[in-house]
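Notes for the structure review
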Amino acid sequence: MRDPQAEGSDDIQALIALMGRLPGLGPRSARRIVLQLIRRRGDQMAQLATLMEKVAQNSRECLSCGNITDRDLCAICSDPARATGEICVVQDVADLWALERGRAFRGRYHVLGGTLSALDEIGPEDLGIPQLLDRIAAESVSEVILALNATVDGQTTAHYIADALEGQAVTVTGLAQGVPIGGELDYLDDGTISAALRARRRL
């Protein structure tokens, strides 16, 4: 039987438990991380504590797109070069950051903060959909790219936005779905293969 006292003070145990609740971490990984921080408490832990306090005090949502920033407008919305007339709609900030890592999109974003869900009673007013429609009218947007997850709720949300924009002078597009680069057909699920066949193009 494990002796809790062998793993440090109550504060250390509380820190391990808190770290263990973070996405992607369990108790074992949390213990390893906390031990590493304690061993390097003179530099790593002190810097981490300082930065976490600063982020907790200063981080906020961009007033325009919903990205996380430390000012009213994030760097993307403040950049005149990103005013291309294209808005990429994503479910959450993690999706925005993933697209930015690819460096393929040079327009602006809009974070919905979730997807429509009748089961969870999440409607358009609970998301950033009204703000999106206001932005499209105010910013002379020419294309809306719906980069939502290929789930039932994600696609329901995409269809709702597309229907809301029907008849407006804006092009609505979605991300291509299908075989990933480097993917082998034998390892793909049936839905991905079907989507790839429907999205086939001339070579």
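Residues numbered from 1 in each chain as written. Predicted model: local features only at pLDDT ≥ 70, side-chain atom pairs only at ≥ 80, totals over all residues. Heavy atoms only, no water.

Concerning the confidence of the model for the protein chain
A residue-level look at the protein chain finds 96% of positions with pLDDT of 70 or above and a mean pLDDT of 89. Per-residue pLDDT, averaged within each element of the protein chain, yields its smallest value for helix α8 (residues 190-198) (81) and its largest for strand β4 (residues 108-111) (97). (pLDDT = per-residue confidence, 0-100. Helix = DSSP H or I, 4+ residues; strand = E, 2+ residues; numbered from the N terminus.)

Points about the packing of helix α6 (residues 129-138) against helix α7 (residues 152-164)
At their nearest, the axes of α6 and α7 sit 11 Å apart, and the two run at 40° to each other. Regarding α6 and α7, the two cross each other, and that crossing is right-handed. Of the residues in α7, those in contact with Ile129, Leu132 and Leu133 of α6 are Thr157, Tyr160, Ile161 and Ala164. Tallied by class, residues from the contact of α6 with α7 come to six nonpolar, one polar and no charged. (Axes fitted to C-alpha atoms, helices over the stretch in contact; angles between N-to-C directions. Left-handed = near helix turned anticlockwise from the far one by under 90°. Contact = heavy atoms within 4.5 Å. Nonpolar A, V, L, I, M, F, W, Y, C, P; charged D, E, K, R; others polar.)

Section: the pattern of salt bridges
One pass over the structure, following the stated rule, counts five salt bridges. Of the charged contacts in the structure, one is a salt bridge between Asp70 and Arg71, with a shortest N-O distance of 3.1 Å. Look at Arg71 and you get partly exposed, because its relative accessible area is 47%. Note that Arg82 is salt-bridged to Glu100, the shortest N-O span being 2.8 Å. Here Arg82, found in the loop between α4 (75-78) and β3 (86-90), pairs with Glu100, found in helix α5 (residues 93-102); they are 18 residues apart in sequence, far enough to count as distant. Overall, Glu100 belongs to the partly exposed group, its relative accessible area being 22%. (Salt bridge = Lys/Arg side-chain N within 4 Å of Asp/Glu carboxyl O. Buried < 20%, exposed > 50% of the residue type's maximum accessible area, 1.4 Å probe, protein only.)

Overview of the nonpolar core
Val89, Val144 and Ile161 are the most contacted members of the largest nonpolar core, which totals 16 residues. For this core, the elements supplying multiple residues, two or more each, are β3, α6, β5 (143-146) and α7. The dominant element in this core, judged by the number of residues it contributes, is α6, at three residues. Contact partners of Ile161, with chain neighbours within four places excluded, come to Val89, Leu112, Ile129, Leu132 and Leu146. Membership of the second largest hydrophobic core comes to 14 residues, among which are Cys65, Cys74, Cys77 and Ile145. (Core = buried A, V, L, I, M, F, W, Y, C linked by side-chain atoms within 4.5 Å.)

Notes on unusual backbone geometry
With a phi angle near 55°, Arg103 is a residue other than glycine that sits in the positive phi range. Among the secondary structure elements, Arg103 is positioned in the loop between α5 and β4. For Glu121, which is not a glycine, the phi torsion comes out positive at approximately 55°. As for its position among the elements, Glu121 is in the loop between β4 and α6.

Considering the sheet that holds β4
In space, the four strands of this open sheet follow the order β4-β3-β5-β6, with parallel pairing throughout. A strand with exactly one partner marks an edge of an open sheet, and here the two such strands are β4 and β6 (171-174). Ignoring which end each strand starts from, the neighbouring axes of this sheet average 25° apart. Direction of pairing for β3 relative to β5: parallel, over a ladder of four bridges. Its bridge partner lying in β5, Cys88 is registered against Ile145. Against the sheet, α6 makes contact with β3, β4 and β5, and its axis sits at roughly 155° relative to β4, the strand it touches most. (Pairing = 2+ DSSP bridges.)

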